[in-house]
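# Tertiary structure, described
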Amino acid sequence: MTTTLTRESVDIQKELYGAQLPSWAGRAVIAGALVLGAILYLTGTNLVLAALAVWVISLGLPLWSAFVEGRRKATDRLVTVLVTSAFVLAMFPLVSILYTVISKGTKVLSAEFFTYSMRNVVGEGGGIYQALVGTLLITGAAAVISIPIGIFAAIYLVEYADGNRLSRWIRFLVDVMTGIPSIVAGLFAYALFVLIFGEGVRMGIGGSVALSVLMIPVLVRSTEEMLKLVPNELREAAYALGVPKWRTVAKVVLPTALAGIVTGVTLAIARVIGETAPLLIIAGATDSVNFNLFDGRMATLPVFAYQSVRSPGIPPEFSLDRAWGAALTLLLIVMLLNLIARLVSYFFSPKGER
């Protein structure tokens, strides 16, 4: 009796779905392709050619499916292979960059590397202390300038503008600012400070102004989208209770969108923390530690890495190693910012969305 039911169920499944490949078919084809690719690479074949061979062999899965399952199922498997291949291709540069930076940057990481500057250092030794301090101070000042402007501008566009002419001009200017090259922001900051302090001015606060020009449009756009996602029912409920509009925005709208706003702030900071051109123009470079944003040149990690590669000295190995270490430090700072954004998003988002 059991055997009869099993056969009947198998027949029903075959009638409903038609002939199907074994459940292990996809894993077998991918495993075979990876093994062949590894063999080709280990025997001296170029990595690109080995990866291409893996991709060509993986196309055997939809071809096999066409003979067994029919055209419709084969087309579905072909699209799956193409989409997966596009994802792997997009991830390859990221993985390659991470591997290169981590493998070359970790060998110089030490307590001395983070606590010593490059003052009076030639060749081996020294560190990125002056550049690390400069990066944190300049980026922090840029965030202090940009975050209030960006958030208040987004609040005006969503809550108060009501599609008037000024709001259309603001959105147009924000779109234009989003696409300006970073060096243009540096030239703007330099021209502004030249009008105040004269030719040849170099100071950290100028770098903060240049970075804020790049941060503000990102903040406005991201915050605006987050505020639009807040349901209008929450606003209407607050108005029905007699709550003023400004208090509704402060106590209802902003707390609801806080997780998304913090994510936008993090993305904006990550967008500018690695900029080199504007800081090279207005903040300059120095081997000494400078804690004063309003006096003298101030080193930053991107400029430090650039200068280390551009003028490595003799022998060049130590300077190049320090450049890779600075790049890895920047990468770790960005990862830390993203982790903080994730934690804030988890703890401050509405309970139903966690």
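In this report, we go over the structure that sits alongside the text. All of these numbers come straight from a predicted model, not from anything done at the bench.

Reading guide: rules and limits
- Residues numbered from 1 in each chain as written.
- Predicted model: local features only at pLDDT ≥ 70, side-chain atom pairs only at ≥ 80, totals over all residues.
- Heavy atoms only, no water.
- Phe/Tyr/Trp six-rings, centres within 6.5 Å; stacked < 30°, edge-to-face > 60°.
- Helix = DSSP H or I, 4+ residues; strand = E, 2+ residues; numbered from the N terminus.
- Buried < 20%, exposed > 50% of the residue type's maximum accessible area, 1.4 Å probe, protein only.
- Core = buried A, V, L, I, M, F, W, Y, C linked by side-chain atoms within 4.5 Å.
- Contact = heavy atoms within 4.5 Å.
- Salt bridge = Lys/Arg side-chain N within 4 Å of Asp/Glu carboxyl O.

### Notes on the packing of aromatic side chains
This model, assessed by the stated rule, comprises three aromatic pairs. Taking the centre distance of 5.9 Å and the plane angle of 85° together, the rings of Trp169 and Phe172 count as edge-to-face. In this pair, Trp169 and Phe172 both sit in helix α8 (residues 165-178), three residues apart, roughly one turn of the helix. The partly exposed category is assigned to Phe172, whose relative accessible area is 48%. Plain terms: the ring middles of Phe193 and Phe197 are 5.9 Å apart, the flat faces sit at 15° to each other, and that makes the pair stacked.

### Comments concerning the nonpolar core
Formed by 37 residues in total, the largest nonpolar core has its most connected members in Ile138, Phe193, Met215 and Leu227. Of all elements in the fold, only α7 (129-160), α9 (182-197), α10 (204-228), α12 (245-272) and α13 (277-282) reach the threshold of two or more residues within this core. When residues in this core are grouped by element, the largest group, nine residues, is from α10. Among residues more than four places away in sequence, those in contact with Phe193 are Gly198, Val201, Met203, Ile205, Gly206, Val209 and Ile282. Counting 15 residues, the second-largest nonpolar core is a separate cluster that includes Val108, Ala131, Ala323 and Ala326.

### With respect to the pattern of salt bridges
In total, this model carries seven salt bridges according to the counting rule given. With a shortest N-O distance of 2.8 Å, Arg235 and Glu159 are connected by a salt bridge. Residue Arg235 is found in helix α11 (residues 232-240), and its partner Glu159 is found in helix α7; the two are separated by 76 residues along the sequence. Glu159 gets classed as buried once you look at its relative accessible area, which sits at 8%.

### Concerning the side chain of Thr300
Along the polypeptide, Thr300 turns up in the loop between α13 and α14 (301-310). Excluding residues within four positions of it along the chain, Thr300 makes contact with Ala131, Gly134, Thr135, Ile138 and Leu279.

### Quick word on α14
Structural remark: α-helix, 3.6 residues per turn; residues separated by three or four positions point the same way. All of the buried residues in α14 are Leu301, Pro302, Val303, Phe304, Ala305 and Ser308. Those residues of α14 that are buried are in contact with α7, α13 and α15 (317-348).

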